[in-house]
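Given next are the chains, with one letter for each unit.
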Protein chains: 2
Amino acid sequence: MNGPGESAQQRRPVTLDDVARAAGVSQPTASRVLNGSSRRVAPSYRERVLSAAQELGYTPNLPAQAMARGTSRTIALVLSLISDPYFSAMAAEIMKQAEAIGLHVSIAVTERQAERELDLIRELRGQQPRAIILAGTGYVDPPSSQALIDELQRYEQTGGRVVLISRSDLPFETVDFDNHEGARQLARELATLGYRNCLVLGSATPLLSMQQRVEGFVAGLTESGGTNVRVQQPGFSWAGAREFVLGLSDDEAAQLDLVFAVTDDMALGALAGLRERGLRVPEDIGVAGFDDISTLRDVVPKLTTVHVALNAVAQEAVYRATTTDESLTRRTVPAYPVIRASTPPLSS
Amino acid sequence: MNGPGESAQQRRPVTLDDVARAAGVSQPTASRVLNGSSRRVAPSYRERVLSAAQELGYTPNLPAQAMARGTSRTIALVLSLISDPYFSAMAAEIMKQAEAIGLHVSIAVTERQAERELDLIRELRGQQPRAIILAGTGYVDPPSSQALIDELQRYEQTGGRVVLISRSDLPFETVDFDNHEGARQLARELATLGYRNCLVLGSATPLLSMQQRVEGFVAGLTESGGTNVRVQQPGFSWAGAREFVLGLSDDEAAQLDLVFAVTDDMALGALAGLRERGLRVPEDIGVAGFDDISTLRDVVPKLTTVHVALNAVAQEAVYRATTTDESLTRRTVPAYPVIRASTPPLSS
DNA sequence: TTGTAGGCGTTATCAC
DNA sequence: GTGATAACGCCTACAA
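Residues numbered from 1 in each chain as written. Chains lettered and ligands numbered in written order. Predicted model: local features only at pLDDT ≥ 70, side-chain atom pairs only at ≥ 80, totals over all residues. Heavy atoms only, no water.

This next bit is on the overall build of chain A. Looking only at helices and strands, chain A has 13 helices and twelve strands in total. Whereas a compact globule of 348 residues would reach a radius of gyration of roughly 20 Å, chain A reaches 26 Å, over 25% beyond that. The principal-axis extents of the C-alpha atoms in chain A amount to approximately 85 × 50 × 35 Å. Taking all 348 residues of chain A together, 51% fall into the buried category. (Helix = DSSP H or I, 4+ residues; strand = E, 2+ residues; numbered from the N terminus. Rg over C-alpha atoms; globule rule 2.2 N^0.38 Å. Buried < 20%, exposed > 50% of the residue type's maximum accessible area, 1.4 Å probe, protein only.)

For the pair chain B and chain A, the best superposition has an RMSD of 0.1 Å and corresponds to a rotation of 180° with a translation of 0.0 Å parallel to the axis. Overall, the copies show the geometry of a two-fold rotation axis. When the interface residues of chain B are mapped onto chain A, 98% of them again fall at the interface, so both copies present the same face. (Least-squares fit on C-alpha atoms with pLDDT ≥ 70 in both. Contact = heavy atoms within 4.5 Å.)

This part takes up the protein's contact with DNA strand C. The full set close to DNA strand C counts 24 residues, and A42(A), L16(B), Q27(B), S31(B) and Y58(B) are the nearest of them. Between DNA strand C and L16(B) there is a distance of 2.4 Å, counted from a phosphate oxygen to a backbone nitrogen or oxygen. R69(B) places a side-chain nitrogen or oxygen 3.5 Å from a phosphate oxygen of DNA strand C. For the surface near DNA strand C, the secondary-structure elements that each account for two or more residues are α2 (27–34) and α4 (62–69) of chain A together with α2 (27–34) and α4 (62–69) of chain B. (Near = heavy atom within 4 Å. Polar contact = N/O pair within 3.5 Å; in protein donor to acceptor, adjacent residues only side chain to side chain.)

Right, let's talk about the confidence of the model for chain A for a bit. Confidence in the prediction for chain A averages 90 pLDDT; 93% of positions are at 70 or higher. Overall, residues 1–9 of chain A carries pLDDT values under 50, and its contacts beyond four positions in sequence, including any with other chains, amount to five contacts. (pLDDT = per-residue confidence, 0-100.)

Before going further, it helps to examine the protein's contact with DNA strand D. Taken together, 25 residues lie around DNA strand D, and L16(A), S31(A), T29(B), R32(B) and A42(B) are the ones closest in. Sugar and phosphate atoms represent 66% of those atoms of DNA strand D found within 4 Å of the protein. Interatomic distance of 2.8 Å between a side-chain N/O atom of Y58(A) and a phosphate oxygen of DNA strand D. Measuring from a phosphate oxygen of DNA strand D, one finds a side-chain N or O atom of T29(B) at 2.6 Å. Taken together, the elements giving at least two residues each to the surface near DNA strand D come down to α2 and α4 of chain A together with α2 and α4 of chain B. In the surface near DNA strand D, the residues fall into 14 nonpolar, eight polar and three charged. (Nonpolar A, V, L, I, M, F, W, Y, C, P; charged D, E, K, R; others polar.)

Inspection of the secondary structure assignment puts R32(A) in helix α2. In this structure, the C-alpha to C-alpha distance between R32(A) and V49(A), residues 17 residues apart in sequence, is 9.8 Å.

To continue, consider the environment of Q146(B). Along the polypeptide, Q146(B) turns up in helix α7 (residues 145–157). Separated by 24 residues in sequence, Q146(B) and L170(B) have C-alpha atoms that sit 9.2 Å apart.

We now examine the packing of helix α1 (residues 16–23) of chain B against helix α3 (residues 43–56) of chain B. The description of two helices packed together rests on the angle between their axes and the distance between the axes. All names here are of chain B. In contact at an axis separation of 8 Å, α1 and α3 are set at 125° when each is read in the N-to-C sense. Considered as vectors, α1 and α3 are oriented oblique to each other. Between α1 and α3 lies a crossing of right-handed hand. The segment α1 lies against α3, with D18, V19, A22 and A23 engaging R48, V49, A52, A53 and L56. Here the residues of the contact of α1 with α3 are counted per class, giving seven nonpolar, no polar and two charged. (Axes fitted to C-alpha atoms, helices over the stretch in contact; angles between N-to-C directions. Parallel < 35°, antiparallel > 145°, perpendicular 65-115°, else oblique. Left-handed = near helix turned anticlockwise from the far one by under 90°.)

All names here are of chain A. Read across the sheet, four strands follow the order β7-β6-β8-β9 without closing on themselves; strand pairing throughout is parallel. The open sheet has two edge strands with one neighbour each: β7 (228–232) and β9 (286–288). Neighbouring strand axes in the sheet, compared pairwise and without regard to direction, differ in orientation by 15° on average. As defined by bridge partners, strand β8 (residues 258–261) adjoins β9 across three bridges and the pair is classed as parallel. Considered in β9, the bridge of F260 is made with A288. (Pairing = 2+ DSSP bridges.)

Residues and elements named next belong to chain B. It is the contact of helix α8 (residues 179–192) with helix α9 (residues 208–223), at a shortest axis distance of 7 Å, that shows an interaxial angle of 35°. Relative to α9, the crossing made by α8 is right-handed. Between α8 and α9, the residues in contact are N179, H180, A183, R184, L186, A187, R188, L190 and A191 and S209, Q212, R213, E215, G216, F217, A219, G220, L221 and E223, respectively. By residue class, the composition of the contact of α8 with α9 is eight nonpolar, six polar and five charged.

Let us look at the sheet that holds strand β4 (residues 161–165) of chain B. Within the open sheet, the twelve strands sit side by side as β11(A)-β5(A)-β4(A)-β3(A)-β1(A)-β2(A)-β2(B)-β1(B)-β3(B)-β4(B)-β5(B)-β11(B). Their pairing is mixed. Either end of the sheet is taken by a strand with one partner, and the two such strands are β11 (330–333) of chain A together with β11 (330–333) of chain B. The average angle at which neighbouring strand axes cross in this sheet is 20°, direction not considered. Sheet contacts for α7(B): β3 (131–135) and β4 of chain B; angle to β4(B), the most-contacted strand, approximately 135°.

Right under this line is the structure:
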């Protein structure tokens, strides 16, 4: 299988030089037809270069190109967790958008450790990406984030773009969805349906966007007339929500007619916990979340939530990552409630 | 905010040269202390270089390093779909493993278009990654895949590693899970529980691993004594499975006591379809899948499936992607059935 | 339109 | 131990 074919035992990748030599032209000429912009090369040369490249299986060495050009065709994406359906959906959309304009995506994951973020970004900066997109981290208290800001600003000063998604804690280009308004509208609709005694599950991790959701929900409920709202901050996860719900006293649980969690993930955890303690959803208690992740389609009852147009967010983010229009600095994508079976109208 | 600070309006990234100059040493010396391997540099110099790098915020230019060294610290990962929970879990594990040994991961997605695979790989090759990992594509008929093989072999000849996950259609290093055996064991356990009349939902897309699951399941059922098995090939998706189930006649549906789908995703689609036509799961009919994706935890009833140790697969894959031990060429990670509430013992 | 020369940031080779 | 010097593959002037 590895016999001494015509070019079998080759060791070195095919370079532009090889192509040029094979085509009998100079390196810049080959470069112009294969990778160049203004393609004014004689058709005969052009032809020869093309077929030589084809023959040899030439692929441009991207690192070399990046170095020579001073800029790469890579976008660096920083996520907190890729296995989370919310973030994987986000990543998918961003990759789709990036690919549509010929950009690669390099992904790095913080695993929800805020302190890793800085190291990660420094590493990524070394890749000389065209832009760095930070999605879905972002803490409420901006203490040690000064180092992060410095790092990102340094990156921007060298011509890189920084785009934040769903975190308004740093002074950079930001694409947000309207956490506050989405949660507020949800609360109003739920109030209309008759929900009065609500448990709001926020996040023990002080994330800004989650705080906005809590505030929006409480605001919406308050506007809709007097209600009992109790805000709690369990661990920011499925397990955290579940455990919190399991820890409620029977009295407390009995008085509730709704649990709103700041993410669908947590809402599902709450749902699981409620069921474990014998409560039926939605007959005994309603549940609502936020994000409208796709895996909700398999959950019974269908979960009421707030839908976010992730594709619009991704498109905006990539657009901002690749354009240099200084006029835009922030864009908020709408989020709107979707009432489903987990919160039917309350008859009582 | 952008005042004329000490180094505010800088335009060019900090290079090794800058660090060397600031430290008063030569470029090679700076290189040795910051990135080099054999670190025999005088402590005093070492100190100065380190603090200069710190001061200036130096980060090595990875493309430049890659070019100089002839090899990068990147692994390229090709997936068919990142938003799928199965693949995002896989990606997460691979990234974790890669990161543990200081490697970056660059992800590309075929969006399930087989023909894109070749272009994608050629592009990726240009990034000069240390290895290319292909996960979860792989068709049964290997017709046009010759071009793919050529491309990958060319890449290997230049020192790159190629690792396949869950596809045995190409002559490269492969990490597989035991699709056949996992499905076979599942079938045997279900037969023991009393299931006799089974609908098997394979994949209209001719994927090798899915075919193996079908064959394994049928084999297990056959071994367990005479049963009625009907194999069908709906579209390879949640929607495909759902639609197929909805298309069954009432007679056909009534005769079944089990639906096995080759992926959890499809099993959930079937579950949705069964419910839409008024069947209760598991009272009227059992459902089983394959993969044990994490989102199953929120599905009621809990789904019987075949568990795959993704972390073991990922670890193997990354190991093979970074080692050059020629002796190993294939490894099969076990897969084992997990019986849950969706397939209770049949009393009848 | 085409070729020559120089440079991108880093590492490797080799004298000192 | 340390510092010149020559690569790595490509691109962008510039000159022909």
